[in-house]
Amino acid sequence: MTSPQACFLAAVGSAVFGLQFNREIVGDIAKAYEVASSHSLGALFFSELSKYFPKDELYSVIPQAKQDMYTTLYCERRQSFAYDKLCAEFSRQGVRFIPLKGIVLKWLYPSPELRSMEDIDILIHREDFDKAFSAACAVGFVPKKGNANDIGIKQTFTMGIVHIDTAISVQGKYLEKCEYVQNMFEHSVPVAGTQYRQTQEAEIIYVIHHAAKHMHWEGCGVRQILDMAILVNEYRSTCNWEEVKRELDSSRLTKFFCAMLGLIRKWFNVSSPSPLFEAVDVIDEVERYALDYGTFGMEKKNLVAGTMLRTNAKKKKIGAIEHFFREYVFLPSNKMAALYPSFEKHRWAIGFYWIHRLFARLIRRDKRKLIAKTLAGIPQAKTISEDESRILENLGLM
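The rules behind each value
- Residues numbered from 1 in each chain as written.
- Predicted model: local features only at pLDDT ≥ 70, side-chain atom pairs only at ≥ 80, totals over all residues.
- Heavy atoms only, no water.
- Buried < 20%, exposed > 50% of the residue type's maximum accessible area, 1.4 Å probe, protein only.
- Helix = DSSP H or I, 4+ residues; strand = E, 2+ residues; numbered from the N terminus.
- Pairing = 2+ DSSP bridges.
- Contact = heavy atoms within 4.5 Å.
- Salt bridge = Lys/Arg side-chain N within 4 Å of Asp/Glu carboxyl O.
- Phe/Tyr/Trp six-rings, centres within 6.5 Å; stacked < 30°, edge-to-face > 60°.
- Polar contact = N/O pair within 3.5 Å; in protein donor to acceptor, adjacent residues only side chain to side chain.
- Core = buried A, V, L, I, M, F, W, Y, C linked by side-chain atoms within 4.5 Å.
- Patch = residues over 30% accessible without salt bridge, like charges linked within 9 Å, V, L, I, M, F, W, Y side chains within 5 Å.
- Areas by Shrake-Rupley, 256 points an atom, 1.4 Å probe, with all protein chains shown as cover.

Colleague: What's the story with the pairing of strand β1 (residues 97-100) in this structure? I'm lost.
Modeller: Each regular strand shows side chains that alternate between the opposite faces of the sheet. Side-chain alternation along β1 places Phe 97 and Pro 99 on one buried face and Ile 98 and Leu 100 on a second face that is also buried. Strand direction decides the pairing type here: β1 and strand β2 (residues 119-124), joined by four bridges, are antiparallel. Of the residues in β2, the one forming a bridge with Ile 98 is Leu 123.

In structure tokens form, the structure reads like this:
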């Protein structure tokens, strides 16, 4: 762990869990702020440091912090306004919904704006999607291009996209599907109107599954682990940990959770919530993997190439470049049928459909750039991917 990373974690521990902050470890504040920002916790870090140092002194070292703090506050207010409008309309039109992740977790932080969110996640019943779409449009939302299940705010400055989902996608390709998580309404209670809230057990299980999905495919940074630590600390004496253990055992994520408890204990001095879960000391590579790659593991690496290579490392059957073309161009017949309705009647012509798909990608500039970046990144990503495979095996995610 580097000095800036240690300073960042110490500030977070002080802000959220009341740990004593040692001013002597501060060192290079600007670099520590960069680390905090890469994990979407820059506002939390700066807010805590301002208790120990004059703000003017901090602004002289981190000039961008003032604008960042204003932006953070603005985004939280704007997201809350959009969310409140949507909730009211959902209730009016009878759309049952469950808010997920940040929009709920932010109230457990020292101040809600300090838990930044890229978007707002809402779960609804599949049969309510048309009503939800109508309700969202009624209060000024429009479909986000490229995904029929995303509803975006109809304004130029679109910080605060709302994701309206009819199913929770939490399992990775090599994680067990969890029926408990997929049936989240069965583990939620009515709050007001048509709004539901996850039970404590369901909230913790979901956060663990979501972190495992990110850790498996891209990376899981400090913010997701901090969310987990806050829930563990908050629900320690009221949660049914036997239920949590049973469900994590069924989805084979107990080992992952115990490893995360090891990091939580080391970083924030938060102990295991139950004798059912033994916090384990993780290997240094796991800690480095969580700290070095940012909120969602996208810092310092070619995400597409790395994900592809890690998938390939599991299969150990075909080369990386061949796997890339199979994954992104020469899809199997069932996937081609989903993309091209006419393919069902002309399966014999799959080669022509593949050629069409290849040219369709080469024509689009963004797709060309993605293909070029991915192919160029394969050699560089190879070492990272091999390291990640060992880490994921250590966490029980491969």
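From this point, things continue past the structure.
Colleague: Quick question: what am I supposed to make of helix α3 (residues 42-49) here?
Modeller: Since one α-helical turn is 3.6 residues long, residues separated by three or four positions face the same way. Taken across its eight residues, α3 has seven buried, putting it largely inside the fold. Buried within α3 we find Gly 42, Ala 43, Leu 44, Phe 45, Phe 46, Glu 48 and Leu 49. In this structure, the buried side of α3 is in contact with α1 (3-17), α2 (29-38), α4 (55-61), α5 (65-93) and α10 (222-234).

Colleague: Explain the pattern of salt bridges to me, please; I cannot follow it from the model alone.
Modeller: Close approach of charged atoms allows side chains with opposite charge to pair. Here the structure, examined in full by the defined rule, presents 13 salt bridges. The closest approach of N and O atoms between Lys 101 and Asp 121, which form a salt bridge, is 3.2 Å. In this pair, Lys 101 is assigned in the loop between β1 and α6 (102-105) and Asp 121 in strand β2, connecting sequence segments 20 residues apart. Sharing partners across several salt bridges, the network here consists of Arg 96, Glu 127, Asp 128 and Lys 131.

Colleague: Any chance you could explain the pairing of strand β7 (residues 195-198) here in plain terms?
Modeller: As paired strands, strand β6 (residues 188-192) and β7 are joined by four bridges and run antiparallel to one another. Within β7, the position partnered with Ala 192 by the bridge is Gln 195. Remark: two residues form the turn of the hairpin made by β6 and β7, two consecutive strands paired antiparallel; Gly 193 in that turn has positive phi of roughly 60°.

Colleague: It is not clear to me how the packing of aromatic side chains should be interpreted in this structure. Could you clarify?
Modeller: Ring pairs (aromatic) are described by centroid distance and by the angle formed between their planes. For the structure on display, the rule yields nine aromatic pairs. Relative to Tyr 52, the ring of Phe 21 has its centre 5.0 Å away and its plane inclined at 40°; by these criteria the two rings are tilted. Of this pair, Phe 21 sits in the loop between α1 and α2 while Tyr 52 is found in the loop between α3 and α4, placing the two residues 31 residues apart along the sequence. On the basis of relative accessibility, which here comes to 6%, the residue Phe 21 falls in the buried class. Relative accessible area serves as the criterion here: at 27%, Tyr 52 is assigned to the partly exposed category. Judged by centre distance (6.0 Å) and plane angle (80°), the ring pair of Trp 267 and Phe 268 falls under edge-to-face. Note on Phe 268: relative accessible area 0%, which makes it buried. Aromatic ring contacts, followed pair by pair, group Phe 17, Trp 267 and Phe 268 into a single cluster.

Colleague: Explain unusual backbone geometry to me, please; I cannot follow it from the model alone.
Modeller: For residues that are not glycine, phi is negative in most cases, and the peptide bond is trans in most cases. Even without glycine at this site, Ser 40 takes up a positive phi of about 60°. If you trace the backbone, Ser 40 turns up in the loop between α2 and α3. Phi angles above zero are rare outside glycine, and Lys 101 is one such case at about 60°.

Colleague: Sorry if this is basic, but what is going on with the environment of Lys 85 here?
Modeller: One can find Lys 85 in helix α5. Taking the relative accessible area as the measure of exposure, Lys 85 reaches 33% and is therefore partly exposed. Along the primary structure Lys 85 and Ala 136 are separated by 51 residues, whereas in three dimensions their C-alpha atoms are 8.9 Å apart. From its side chain, Lys 85 meets the backbone oxygen of Val 139 in a polar contact 3.1 Å long.

Colleague: What is the right way to read the nonpolar core from this model?
Modeller: The tendency in soluble globular proteins is for nonpolar side chains to be buried side by side. Ranked by size, the top nonpolar core spans 83 residues in total, and within it Leu 226, Phe 256 and Phe 268 carry the most contacts. Counting residues per element, this core draws most heavily on helix α12 (residues 254-268), which supplies 10 residues. Beyond its immediate stretch of four places on either side in the chain, Leu 226 contacts Val 12, Val 16, Phe 17, Leu 41, Leu 44, Tyr 109 and Phe 268. Of all hydrophobic cores here, the second largest spans 19 residues; its members include Ala 82, Cys 87, Phe 90 and Val 139.

Colleague: Sorry if this is basic, but what is going on with a nonpolar patch on the surface here?
Modeller: On the surface, Trp 348, Phe 352, Ile 355, Phe 359, Leu 362 and Ile 363 cluster together to form a nonpolar patch covering roughly 740 Å² of accessible area. Tracing the chain through its elements places Trp 348 in the loop between α16 (333-339) and α17 (350-363).

Colleague: Sorry, what's going on with the environment of Ile 98 here?
Modeller: Looking at the element boundaries, Ile 98 is found in strand β1. Separated by 100 residues in sequence, Ile 98 and Gln 198 place their C-alpha atoms 7.3 Å apart. Those residues in contact with Ile 98 that sit more than four places away from it in its chain are Asp 121, Ile 122, Leu 123, Met 184, Phe 185, Ser 188, Tyr 196 and Gln 198.

Purely geometric stuff here, so don't read any function into it on its own.
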